[in-house]
Amino acid sequence: GAPDRRVELEHAFAELAGQTLRLPPNLFVLGTMNTADRSIALLDVAVRRRFAFVTMWPDLAVLADRSKACALMQQSFTQLLDIFVAHAADDGFQLLPGHAYFLEPDEVRAKRKLQTELKPLLLEYIAQGHVSGFRDEVHAYIDSLPE
């Protein structure tokens, strides 16, 4: 059977009509964490034991859909992916920006998104030394982004 989805609270809340909180069976709680967020301390072992962890890589199929990513975004992702594949060590490869940075079907908005979201991230990678082994390649990529 399904696990009991009721939680007894310490205090009664009028909005909940008592101290019992009932969670619907179709409610799932997902937490996400980017491995690129180096400032976040590693999760405590006690917390990690209570959750399942799934590594998710950028999804090229999502970017192939022209209703989600214009040709500029598809090309920009492919170029950056090539740089990371050619130069990043295993731990550095985890810094590859995900496909959400490249989801924009409109080319004008795509240019703005690359300049205001992707470029600052890559500049931070350079400043923090995260891509020191291929800093010049990342810089050249940044310089090639359309204004």
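Residues numbered from 1 in each chain as written. Predicted model: local features only at pLDDT ≥ 70, side-chain atom pairs only at ≥ 80, totals over all residues. Heavy atoms only, no water.

Take the overall build of the chain next. A tally of helices and strands in the chain yields six helices and two strands. Ordered by position from the N terminus, the helices and strands of the chain form the series β-β-α-α-α-α-α-α. Residue burial in the chain is summarised as follows: out of 147 residues, 24% are buried. Long-range pairs, those at least 24 residues apart, make up 51% of the contacts in the chain between residues at least 6 apart in sequence. In the structure as shown, the chain presents an accessible area of about 10500 Å², 55% of it carried by carbon and sulfur atoms. (Helix = DSSP H or I, 4+ residues; strand = E, 2+ residues; numbered from the N terminus. Buried < 20%, exposed > 50% of the residue type's maximum accessible area, 1.4 Å probe, protein only. Contact = heavy atoms within 4.5 Å. Areas by Shrake-Rupley, 256 points an atom, 1.4 Å probe, with all protein chains shown as cover.)

The end-to-end C-alpha separation of helix α3 (residues 71-87) is 24 Å, in line with the 24 Å expected for 17 residues at 1.5 Å each. Of all the positions in α3, only L72, M73, Q74, S76, F77, L80, L81, I83 and F84 are classed as buried. Among the structural elements, α2 (60-64), α4 (90-93), α5 (107-128) and α6 (135-144) are those in contact with the buried residues of α3. (Expected span 1.5 Å × (residues − 1).)

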